[in-house]
Amino acid sequence: MQNEISFVPIALSFAGGLALFLYGIRVMSGGLKKAAGRRMRDFIARITDNRFTGLLAGALATMMVQSSSTIMVMLVGLVQSNLLTYVQALSIILGAEIGTTAMAQLIAFRIHEYALPVFASGFVLNLSSRREGLRNAGEAIYGFGLFLFGMSLMSGAVAPLRSYEPFIDLLRYMENPLYSVLAGMLLTALMQSSGAFIGIVITLAQQGTLTLEAGIPMLLGANIGTCITASLASIGMLRPARRVALAQVLFNVTGVAIFLFVIPLYADFVRMISPSEGLPGTVIPRQIANAHTLYNVFMAVMFLPFIALWGKLLIRLIPDNPGETRLQPSVWYITNSALSAPSLALSYARAETARMNRILERMAGAMLPVFTGSEAARDKVFPELSVGGGIRMREEKVNYLESRVSAYLIAISRHELGERESLEAFALMNIVKDQEAIGDSIESLLQKLPEKTREQPSGMTAEGKADLSALHAFVCREIATLTVAIQEMNVRQASNVLHGDRDFLVLSAAAESRHLHRLRTLPESAMTHDIHMDLLHAFEEIHHYCKSIARSIVNQETGERS
């Protein structure tokens, strides 16, 4: 009988089912991410140091988007952006491992028999709804239907193999835990989806071709294989982000090392607590799904109390690099412990705001030389970065500090403040917004200019360079003056910036007039016209925001609000 089996139809049917299965997962995950992805990111970013909250958040987020890999990549990005610490991410990782078991529980109930009605309902919802949220939900539902239909095709494809002796012999090899773990790890890494591989395992179990003892180590291997996505995402990232990816690997490898030697005992325990009777093809799938859930819950319970120790271990394995740490956005002065003393907290906010201005000094100082070719195209403080790379790194710092200082000032304003403190807090809120705008202007200029001008000296005339250098020196002096003014909210220094407005306007108008004259008389000036005008406009923008900062300092002294 086994010689009459035709492998071509089986392979084609299984391949088609697998393609639908994987495509369904992608569509479903895409719909869920569109419906809830941004909210999930914001939700995770607001997690505090409470490890239990982090665990719950990780589980819920993974259940919502049905992809632990997505959550891991999100965590790597949040830690890279300094919105989470790597220690905060550890409990979320454990929660994500629990959340990924929800799909295994669902598909173990043979609901693939309802694949087409599920697909039809989702398709109609997606097609007929005007609201984007409902359309995204419909996309997720019809993706789930495709996923189930692909599973049904795979199940039907492998049904003839139940009595095929060579195939049964092959699966007996899978009862060797090492072979099963390796198979699960490699196939999951290739698919980059533990959910997809677990679906295949349950499909084989539904046809009675896979035992619980063979299925458990495959699940363990899948947990290691799914680490590949976060590991790839962390390549080239800062060390805290790389620790997140390493933590997932360590958690799962440690779990496999513990369970690998007790699989027979664990299988007996799972049978004891799982249904032993049911419809054909449902008992072992239910046991495999339960084994998967129990394993991940046990690992979370075991590791959660020792999160701090795991954090220290990760520091030892990937130690901080002082040079790299300086590249990361971070606050130096503001601290929540000072909020109970608003005057002290304001002094910290003022110090952080002055620090932002010092960062802008370096950004502004580098913006002209990189285009005129008058200095080597390396950052002065971080020679491993190009000048453009240094500007972008500092712009990220300014954006981060604007967000943190603004939130800190809002927290201060919720306390009882005197009139002078209230005016200063309001002034600082305006100042950090203007500082961010200066950083954006400089970074935007960098994006607008051709790549070749960042690598080669420009063809500007000596007169054109002299005009731009004069304007550049003027705005650099303004920013340096404001750094001093912000430190003590010094009205005299701020007034100097406002009084210099007429001088800047004269200098800018003269530079523009001379440039237009060169355009008429020197053909080579036309080649650099766009660059020249972009730089002129950038200097004008920076001067405008410097005036706004100076005005905020003056107004807080006079009692006005801009």
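Before going into details, it helps to say that this report is about the structure given with it. Residue indices follow the written sequence of each chain, beginning from 1 at its first position. pLDDT decides what is reported in this predicted model: residues at 70 or higher carry local features, side-chain atom pairs at 80 or more are listed and counted, and totals for whole chains, interfaces and linings draw on all residues regardless. With hydrogens and water stripped out, all remaining heavy atoms of the structure feed into the side-chain values.

We define a salt bridge as a side-chain nitrogen of Lys or Arg found within 4 Å of a carboxyl oxygen belonging to Asp or Glu. Within this structure, the stated rule accounts for eight salt bridges. Here Arg355 makes a salt bridge to Glu352, at a shortest N to O gap of 2.8 Å. Of the two residues, Arg355 and Glu352 are both situated in helix α18 (residues 342–367); the distance of three residues between them amounts to about one turn of the helix. Members of the salt-bridge network, linked through shared partners, are Glu213, Asp268 and Arg271. Each helix corresponds to a stretch of at least 4 residues labelled H or I by DSSP, and each strand to a stretch of at least 2 residues labelled E; elements are numbered beginning at the N terminus.

Okay, the environment of Gly365 next. Its location among the elements puts Gly365 in helix α18. Sequence-wise, Gly365 and Ile479 are 114 residues apart; in three dimensions their C-alpha atoms are separated by 9.9 Å. Residues count as neighbours in contact if any of their non-hydrogen atoms are within 4.5 Å of one another. The contact partners of Gly365, leaving out residues within four places of it in the chain, are His472 and Cys476.

Moving on, we come to helix α9 (residues 177–191). In a regular helix each residue adds 1.5 Å, so 15 residues correspond to 21 Å; α9 covers 21 Å between its end C-alpha atoms and thus fits that length. When a residue's accessible area, from a 1.4 Å probe over protein chains only, is under 20% of the maximum for its type it is buried; when over 50% it is exposed; and in between it is partly exposed. Along α9, the positions that sit buried rather than exposed are Ser180, Val181, Ala183, Gly184 and Thr188. One face of α9 carries all of its buried residues, which in axial projection span an arc of 160 degrees. Exposed positions of α9 whose direction lies more than 90 degrees from the buried face are Leu178, Leu186 and Leu190. You can read the cap of α9 off the contacts: a side-chain oxygen lies 3.0 Å from the backbone nitrogen of Leu178, and it is on Asn176. A helix is expected to span 1.5 Å for every residue after the first. This arc is built from the directions going out from the helix axis to the C-beta atoms. In protein, a polar contact means a hydrogen-donor-capable atom and an acceptor-capable atom, both N or O and within 3.5 Å, with residues adjacent in sequence counting only if both atoms are side-chain atoms; elsewhere, any N or O pair within 3.5 Å suffices.

The phi dihedral of Met489 falls on the positive side, at around 50 degrees, and the residue is not glycine. Among the secondary structure elements, Met489 is positioned in the loop between α23 (462–488) and α24 (491–499).

Another point: empty space enclosed by the protein. Of the grid points, spaced at 1 Å and generated over the protein atoms alone, those admitting a 1.4 Å probe that cannot get out make up cavities, while open sets with protein on both sides within 12 Å along at least five of seven lines make up pockets; any residue with an atom within 4 Å of a point is treated as lining. Grid points are joined across faces, edges and corners, and a volume is the space filled by probe spheres set on the points. The tally for this structure, following the rule as stated, stands at four cavities of 30 Å³ or more. Of the voids in this model, the largest cavity is the one considered here, and its volume is about 60 Å³. The set of elements that each furnish at least two residues to the lining of the largest cavity consists of α4 (86–99), α13 (239–259) and α15 (283–303).

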